[in-house]
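Below are the chains, spelled out letter by letter.
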Amino acid sequence: MVTTDQIELAGLRVMASVGVLPEERSRPQPLELALVLTADLAPAGASDALADTIDYGAVTDAVVAACAQQHYDLLERLAQVVADAALSEGRSDGEAGARVDEVTVSVRKLRPPVPHDLAFAVVRITRRGAVG
């Protein structure tokens, strides 16, 4: 069954070490993340029970931990690690809670090191979880 139910997590601010320039490698910088989690939310809509949905507190904990675990040269790599964390936090069939079927991750670098008036740079990826 294909579902279009979504939970959107927007404006998650983190400090992370990301970039290829020496000044980007020497200290963490502010990033803003957004995630759109696609899952079957019908059971939670019917039951009104937290156990039937995605615990987005646990998802944000996993994402923040992923951002802090190491230096990333590219926003693309960080976005992939965040997507993996969000997908793995979704539970498998047979366990309580909904499974994250798909996630779209946006990573916004708030202070890109370019010699122009650029407000931010964003990488956006979409990844699907394991089927079944």
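The structure this text deals with has already been given above.
Keep in mind the model is a prediction, meaning the values are calculated, not measured.

Student: Explanation requested: the overall build of the protein in the structure shown.
Tutor: Of regular secondary structure, the protein possesses four helices and four strands. When its helices and strands are written in sequence order, the protein yields β-α-β-α-α-α-β-β. For the protein, the spread of C-alpha atoms along the principal axes amounts to about 50 × 25 × 25 Å. A buried classification covers 41% of the 132 residues belonging to the protein. Within the protein, contacts between residues at least 6 apart in sequence are counted, and of these 64% link residues at least 24 apart. Working note: accessible area of the protein is about 7500 Å², and carbon and sulfur atoms make up 52% of it. A gap of 9 Å separates the mean positions of the 12 positive and 19 negative side-chain charges of the protein.

Calculation rules
- Residues numbered from 1 in each chain as written.
- Predicted model: local features only at pLDDT ≥ 70, side-chain atom pairs only at ≥ 80, totals over all residues.
- Heavy atoms only, no water.
- Helix = DSSP H or I, 4+ residues; strand = E, 2+ residues; numbered from the N terminus.
- Buried < 20%, exposed > 50% of the residue type's maximum accessible area, 1.4 Å probe, protein only.
- Contact = heavy atoms within 4.5 Å.
- Areas by Shrake-Rupley, 256 points an atom, 1.4 Å probe, with all protein chains shown as cover.
- Lys, Arg positive; Asp, Glu negative; His and termini not counted.
- Charge placed at Lys NZ, Arg CZ, Asp CG, Glu CD.

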